[in-house]
Amino acid sequence: MSTDVDARSRSVNGQLHLLWTRLLSRCRQWPWFVQVLMVFALTRVFSLCVFLGVAAKQGASPWGGPEPSYVEFVGIWDSAWYERIYQDGYPRDIPRDELGQAQENPWAFYALFPFLVRALHAVTGLDWQYLAPVTATVCAFGAATLIYLLFREKTAHREALWGVAFVGTFPVSAVLQVPYAESLHLALLAGSLLLVVRGQYLAAIPVVMLMCLARPAGVPFAAAMAAFWVYRWWRRNDQPFSARDSVQLGALAVVSGCAALSWPLIAWLYTGELTAYTDTETAWRGHGLTLFLPWVETGQGLFGPVLGALAPVLLVIVATLYLCSATVRRLGVEMQLWSAAYLLYLLAFLHPQTSTFRLLIPLFPLALAAVCISSSRAYRGAVVVMFLLLQIVWVAWLWEWTQLPGGGDYPP
């Protein structure tokens, strides 16, 4: 009797394996862009289910009552700031307390995403509540397509597709479908890097200018392009660096640096206050901008005075070793320099907190490096499963509002 059961079980398993093999074979025959969009769509459906599950147990929050709908739930946190900009624009005066310290206000949030939604509203008539998350999600699909094309410049189709899967399942990737500027910025960043890798430096300039109006990434991008110019010049005997490329890449570096200052300049001209943007940005910190020091202070708060002071140094050493590893070198100098410049930017300007996880998304080229660590499907599948589980943790821990004993909650 048991022999018959085992035989039937093996037969069923064999048929399922055959069906799965045929399905994969058919999927591999689809055009590359269909495969990319299908893989990324699956990641977005998973994030949708996570949001719905966590929303079902969300209690009352500063943004509304308990058990919000999906569009209500993704419209909290910084989404509410973007909606405010969409409706009212930016204030003429920086709000300040009785001591003259700037208070939290919309100038901390760049204009491209809310103004894009406002333009789409003029065309479609849809409200922010529905149009904003749809716009963010569409931008995310555009970003996935550009990321695939960028990865294909350095590797084969299969690895590039796995790279997209890693980006789409990254623990904080759920933010790519909420009304934040992350997905729009990611698309512009991927497009900029793609053009740079292809040597189309002048074509990258308008894309970079738009990117600098989506999120503050102009400084590290300009630094990466300046370093890339130095690298090209240094290797000019081995890798020809024509005068035309030299001028165009130099122009991209200079314009990127200028574009990085565009938002602080706009805030200055609109409000009449030279430090309008920087004062606003540091309002969330409770103190002025100090380079590098917040990492030491946070480290000391977590690990004590000695280990805490060493923690940032160890972090830099580990990051340097990884960026110089063989798998990261496979990305090419352009993406390697971008990753290094962005990490240095975070170390210099960021006040480390729970939002730091979300700010790691621009390091998406490292997803391809993670793919290239091993060609094993078991390894790559395990990474995806781990990312999906951590995504549940991120949404339930940081996106869901749960008031702390001292008031407020950790921001996502």
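Located above this text is the structure these notes cover.
Report on the accompanying structure. (Residues numbered from 1 in each chain as written. Predicted model: local features only at pLDDT ≥ 70, side-chain atom pairs only at ≥ 80, totals over all residues. Heavy atoms only, no water.)

Moving on, we come to the side chain of arginine 380. Topologically, arginine 380 is positioned in helix α19 (residues 377-399). The class for arginine 380 is buried, based on a relative accessible area of 2%. Here serine 374 takes part through its backbone oxygen, which lies 3.0 Å from a polar atom of the side chain of arginine 380. The residues touching arginine 380, leaving out its near neighbours within four places in the chain, are Arg158, Glu159, Trp162, Phe166, Val371, Ser374 and Ser375. (Helix = DSSP H or I, 4+ residues; strand = E, 2+ residues; numbered from the N terminus. Buried < 20%, exposed > 50% of the residue type's maximum accessible area, 1.4 Å probe, protein only. Polar contact = N/O pair within 3.5 Å; in protein donor to acceptor, adjacent residues only side chain to side chain. Contact = heavy atoms within 4.5 Å.)

Right, let's talk about the state of the cysteines for a bit. The final tally for this structure, using the stated rule, is 0 disulfides. With no disulfide of its own, cysteine 139 has cysteine 212 as its nearest cysteine by sulfur position, at a separation of 17 Å. (Disulfide = S-S within 2.5 Å.)

On the surface, Leu302, Phe303, Val306, Leu307, Leu310, Val313, Leu314, Ile317 and Leu321 cluster together to form a nonpolar patch covering roughly 940 Å² of accessible area. For the nonpolar patch, the elements supplying multiple residues, two or more each, are α14 (293-303) and α15 (305-323). It is α15 that contributes the most residues to the nonpolar patch, 7 residues altogether. As for its placement among the helices and strands, leucine 314 is situated in helix α15. (Patch = residues over 30% accessible without salt bridge, like charges linked within 9 Å, V, L, I, M, F, W, Y side chains within 5 Å. Areas by Shrake-Rupley, 256 points an atom, 1.4 Å probe, with all protein chains shown as cover. Salt bridge = Lys/Arg side-chain N within 4 Å of Asp/Glu carboxyl O.)

Here we take up helix α11 (residues 243-260). Since the α-helix packs 3.6 residues into each turn, any two residues three or four apart lie on the same face. Here α11 is 18 residues long and its end C-alpha atoms lie 26 Å apart, about the 26 Å a rise of 1.5 Å per residue gives. Among all positions of α11, only Ser246, Gln248, Leu249, Gly250, Leu252, Ala253, Ser256, Ala259 and Ala260 are buried. (Expected span 1.5 Å × (residues − 1).)

The subject of this paragraph is the environment of glycine 191. In this structure, glycine 191 sits in helix α8 (residues 182-197). Distance in space between the C-alpha atoms of glycine 191 and phenylalanine 115 is 20 Å, their sequence separation being 76 residues.

Glancing now at the packing of aromatic side chains. Using the criterion set out here, one finds 37 aromatic pairs in the structure. Pairing tryptophan 81 with phenylalanine 109 gives two aromatic rings, centres 5.6 Å apart and planes at 20°, and the pair type is stacked. Here tryptophan 81, found in helix α4 (residues 78-88), pairs with phenylalanine 109, found in the loop between α4 and α5 (112-124); they are 28 residues apart in sequence, far enough to count as distant. For the pair formed by tryptophan 81 and phenylalanine 109, the shared burial category is buried. Plain terms: the ring middles of tyrosine 90 and tryptophan 263 are 5.2 Å apart, the flat faces sit at 65° to each other, and that makes the pair edge-to-face. Of this pair, tyrosine 90 sits in the loop between α4 and α5 while tryptophan 263 sits in helix α12 (residues 262-271), and the two are 173 residues apart along the sequence. Sitting over the ring of tyrosine 270, arginine 92 keeps its end group 4.0 Å from the ring centre. Across the ring face of tryptophan 233, the terminal group of arginine 236 is positioned such that the distance to the ring centre comes to 4.0 Å. (Phe/Tyr/Trp six-rings, centres within 6.5 Å; stacked < 30°, edge-to-face > 60°. Lys NZ or Arg CZ within 6 Å of the ring centre and 35° of its normal.)

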